[in-house]
Amino acid sequence: MRLAVIGKDVSKSLSPEIHNFVAQRSGNGLTYEKVSVPENEFAASMEKYFKEYDGFNVTIPYKLNIIPYLKSVQGDARVFGAVNTVRVSDASGHNTDGLGFMLMLDNGGVKVCGRDILLLGAGGAGRSVAKKLADAGARVYVYDKHAESAKRISEEFREVTAIDRLSPKPYYAVINATGIGMHATEGISPLGEDMLSLCEVAVDLIYEPAKSEFLRIAEGCGKRIINGLAMLFYQAYYAQCIFFNKRADGDEAKRLFNLYTEGRK
């Protein structure tokens, strides 16, 4: 099976490494490529990708842009309004981000039911995270510099409240879904010590660098920190199950992730 990850800049993506690792241990035969596409070339390229690949993952900033090219949008993708996995055989769109995120929290011992959670970022990743947290019984407070984006999420999902400014409050967990801290913004944190010192857990969806400035500050305050590598791995595992029409198994995903991280040490 020929697969790929498609985004504006996927030159540093770990997706090929992870998909190949999962495939080798799951008996799946595949090749997996990185495809970086400038925004002004995305629309003109889609017909080509549907012919060349059996499936592909979609990342920043195309998780919404891909939807008009699909015959169906299923499961979480329909709820979130964002797609990260495309199966070409039936031109179907799926989203495994939320599943990957929740398995990451579970594996990290983070229990969100009945807790106050601050979510930074109301984009594609933020939407999926907000919905999954709310479904798990958390009280979610979402902030985005574009206030209307946060407001839209709060109108769609119960137990999600949009806030228009950030002020120190003892949230159980603070989650960075903004992307601030990687690429051109590496070394920058969306929050400072005044707020991170009040939480118990800091979670960054960024996986490169392994310890973002956001996590470095939180760790310096003695907080538990989780980076986005586990989420990336788990969403890839779930995506590969979709590509190969295999039943997903959370315990298998955790076992494979533990093997993967051991191999990276």
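Here we summarise the structure given alongside this text.

The rules behind these values
- Residues numbered from 1 in each chain as written.
- Predicted model: local features only at pLDDT ≥ 70, side-chain atom pairs only at ≥ 80, totals over all residues.
- Heavy atoms only, no water.
- Helix = DSSP H or I, 4+ residues; strand = E, 2+ residues; numbered from the N terminus.
- Polar contact = N/O pair within 3.5 Å; in protein donor to acceptor, adjacent residues only side chain to side chain.
- Contact = heavy atoms within 4.5 Å.
- Core = buried A, V, L, I, M, F, W, Y, C linked by side-chain atoms within 4.5 Å.
- Buried < 20%, exposed > 50% of the residue type's maximum accessible area, 1.4 Å probe, protein only.

Here's the deal with the side chain of Asn176
Piece 1. With respect to the helices and strands, the residue Asn176 is situated in strand β10 (residues 173-176).
Piece 2. Looking at Asn176, its side chain comes within polar contact range of the main-chain oxygen of Ile180, at 3.2 Å.
Piece 3. Of the polar contacts made by the side chain of Asn176, one reaches the side chain of Asp204; its length is 3.1 Å.
Piece 4. Leave out the neighbours within four places in its chain, and Asn176 touches Leu120, Pro190, Val203, Asp204, Leu205, Ile206 and Phe214.

Describing the nonpolar core
Piece 1. Counting 47 residues, the largest nonpolar core has Phe101, Met104, Leu133, Ile175, Leu205, Phe233 and Tyr234 as its most contacted members.
Piece 2. With 10 residues, helix α9 (residues 229-243) is the single largest residue contributor to this core.
Piece 3. In contact with Phe233, not counting residues within four places along its chain, are Ile18, Phe21, Val22, Ala253, Leu256, Phe257 and Tyr260.
Piece 4. Counting residues in each nonpolar core, the second largest holds 19 residues, with Phe56, Ile66, Leu70 and Val88 among its members.

As for unusual backbone geometry
Leaving glycine out, the prevailing phi sign among residues is negative, and the prevailing peptide bond configuration is trans.
Piece 1. For the bond running from Ile60 to Pro61, omega is 5 degrees, close enough to zero to count as cis.
Piece 2. With respect to the element layout, Pro61 can be found in the loop between β3 (55-58) and β4 (72-73).
Piece 3. The amide bond that connects Glu208 to the next residue, Pro209, takes the cis arrangement and shows omega of 5 degrees.
Piece 4. Tracing the backbone shows Pro209 in the loop between β11 (201-204) and α8 (213-220).
Piece 5. Of note, the phi angle at His183 is positive, near 50 degrees, even though the residue is not glycine.
Piece 6. Within the secondary structure layout, His183 lies in the loop between β10 and α7 (193-196).
Piece 7. Relative accessible area serves as the criterion here: at 47%, His183 is assigned to the partly exposed category.

Spatial relationships are all this shows, so hold off on functional conclusions.
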